[in-house]
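In case you want the letters, here they are:
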Amino acid sequence: MNPSSSITRRVLRVEEAAQALGIGRSLVYDLIRSGRLRSFKVGSRRLIPASAIDEAIATLMEEAA
């Protein structure tokens, strides 16, 4: 068994967040700019906490109601 296989990813790249949300990269960046999706930078990489995906979905659902 590969020891790294049991590690749960806690942050996603923009591309992975887009895939998780079923949207494109540019819309992910729009959500980040608008404050609806939390993110942070490490060097030049923009990373999104996995928990921020669920928060963004809840926020978007509230806005749609």
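For the structure, see preceding data.
So, how was this worked out
Residues numbered from 1 in each chain as written. Predicted model: local features only at pLDDT ≥ 70, side-chain atom pairs only at ≥ 80, totals over all residues. Heavy atoms only, no water. Helix = DSSP H or I, 4+ residues; strand = E, 2+ residues; numbered from the N terminus. Buried < 20%, exposed > 50% of the residue type's maximum accessible area, 1.4 Å probe, protein only. Contact = heavy atoms within 4.5 Å. Areas by Shrake-Rupley, 256 points an atom, 1.4 Å probe, with all protein chains shown as cover. Core = buried A, V, L, I, M, F, W, Y, C linked by side-chain atoms within 4.5 Å. Pairing = 2+ DSSP bridges. Axes fitted to C-alpha atoms, helices over the stretch in contact; angles between N-to-C directions.

Undergrad: Now, about the overall build of the chain: what can you tell me, with residues and values included?
TA: In terms of helices and strands, the chain carries 3 helices and 3 strands. The secondary structure elements of the chain, listed N-terminal to C-terminal, are β-α-α-β-β-α. Seen along its three principal axes, the alpha-carbon backbone of the chain occupies a region of about 45 × 25 × 15 Å. Here the chain holds 65 residues, and 25% of them are scored as buried. Counted over contacts in the chain with a minimum sequence separation of 6, partners at least 24 positions apart contribute 42%. Accessible area of the chain: about 4,700 Å², with a carbon and sulfur share of 53%.

Undergrad: Would you mind going over the nonpolar core in detail, with residue names and values included?
TA: The biggest cluster of nonpolar side chains holds 13 residues, and the ones touching the most others in it are Val28, Ile32, Leu37, Ile48 and Ile53. Mapped onto this core, the elements with two or more residues apiece are helix H1 (14-21), helix H2 (25-33) and helix H3 (50-64). With 4 residues, H1 is the largest single contributor of residues to this core. Every residue in contact with Leu37, bar those within four places of it in the chain, is listed here: Val28, Leu31, Ile32, Ile48, Ala52, Ile53 and Ala56.

Undergrad: Which residues make up the sheet that holds strand E3 (residues 45-49), and what values do they have?
TA: Hydrogen bonds between backbone atoms are what pair the strands of a sheet, whose relative direction is either parallel or antiparallel. With antiparallel pairing, 3 strands are arranged side by side in an open sheet as E1-E3-E2. The two strands at the open ends of the sheet, each matched to only one other strand, are strand E1 (11-13) and strand E2 (40-42). The average undirected angle you get between the axes of adjacent strands in this sheet is 45 degrees. Direction of pairing for E2 relative to E3: antiparallel, over a ladder of 3 bridges. In the strand pairing of E3, Val42 is matched with Arg45. Of the strands in this sheet, E1 and E3 touch H3, which is tilted by about 65 degrees from E3.

Read these as layout, nothing more, since geometry by itself doesn't imply function.
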